[in-house]
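Below, each chain spelled out in residue letters.
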Amino acid sequence: MDRLVKESEIGYSRWQSVRYKNIRMSSEELEVLQGMFPEFQLWLISGNIAPEVGQVSPEYEIADAKLQGRSGE
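Residues numbered from 1 in each chain as written. Predicted model: local features only at pLDDT ≥ 70, side-chain atom pairs only at ≥ 80, totals over all residues. Heavy atoms only, no water.

(A) Geometry of the packing of aromatic side chains. Tallying each qualifying case throughout the model produces 2 aromatic pairs. On the numbers, 5.9 Å between centres and 25 degrees between planes, the contact of Phe 37 with Phe 40 is stacked. On the basis of relative accessible area, Phe 37 is assigned to the partly exposed category, the value being 26%. You can call Phe 40 buried: its relative accessible area is 9%. Summarising the aromatic geometry, the rings of Phe 40 and Trp 43 are spaced 6.1 Å apart at their centres and angled 70 degrees between planes, so their arrangement reads as edge-to-face. Judged by relative accessible area, Trp 43 falls into the partly exposed class, the value being 27%. Of the aromatic side chains, those joined through ring pairs into one cluster are Phe 37, Phe 40 and Trp 43. (Phe/Tyr/Trp six-rings, centres within 6.5 Å; stacked < 30°, edge-to-face > 60°. Buried < 20%, exposed > 50% of the residue type's maximum accessible area, 1.4 Å probe, protein only.)

(B) Focus on the layout of surface pockets. When its volume is computed, the largest pocket comes out at roughly 380 Å³. In this structure, the largest pocket is lined by 14 residues; those nearest its centre are Leu 4, Trp 15, Arg 19, Leu 33 and Phe 37. If you list the elements that add at least two residues to the lining of the largest pocket, you get α1 (2–6), α2 (12–20), α3 (27–36) and α4 (41–46). Tallying contributions element by element places α2 first for the lining of the largest pocket, with 3 residues. For the lining of the largest pocket, the class distribution of residues is 12 nonpolar, no polar and 2 charged. (1 Å grid on protein atoms, 1.4 Å probe; cavity = no way out; pocket = protein on both sides within 12 Å on 5 of 7 lines; lining within 4 Å. Points joined across faces, edges and corners; volume = space filled by probe spheres on them. Helix = DSSP H or I, 4+ residues; strand = E, 2+ residues; numbered from the N terminus. Nonpolar A, V, L, I, M, F, W, Y, C, P; charged D, E, K, R; others polar.)

(C) Structural view of the packing of α2 against α3. For the pair α2 and α3, interaxial distance at closest approach is 12 Å and the crossing angle is 90 degrees. Taken as axis vectors, α2 and α3 run roughly perpendicular relative to one another. From α2, Arg 14, Trp 15 and Val 18 reach across to α3, where they touch Glu 29, Val 32 and Leu 33. Its residues assigned to classes, the contact of α2 with α3 shows 4 nonpolar, no polar and 2 charged. (Axes fitted to C-alpha atoms, helices over the stretch in contact; angles between N-to-C directions. Parallel < 35°, antiparallel > 145°, perpendicular 65-115°, else oblique. Contact = heavy atoms within 4.5 Å.)

(D) A look at the pattern of salt bridges. One pass over the structure, following the stated rule, counts 2 salt bridges. Its salt-bridge partner being Arg 14, residue Glu 29 comes within 2.4 Å of it at the nearest N-O pair. Of this pair, Glu 29 sits in helix α3 while Arg 14 sits in helix α2; the two residues are 15 residues apart in sequence, bridging distant segments of the chain. Owing to a relative accessible area of 3%, Glu 29 belongs among the buried residues under this scheme. Overall, Arg 14 belongs to the partly exposed group, its relative accessible area being 29%. (Salt bridge = Lys/Arg side-chain N within 4 Å of Asp/Glu carboxyl O.)

Structure representation (structure tokens):
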């Protein structure tokens, strides 16, 4: 959460709301996340992944790490 606040012009309370409340994320917040986590762009926009081109989700990374014998968390 601290990194999101530091690397964007979006305040802590808004990020808290996005994370913990049932509210819609704005395009500004989506752009910040895509910039910070380019490997999650496809997943953030569509919910899909394409591991063959490096587009994964956090859940995929964790599962893949476990399969590879890494902790992933």
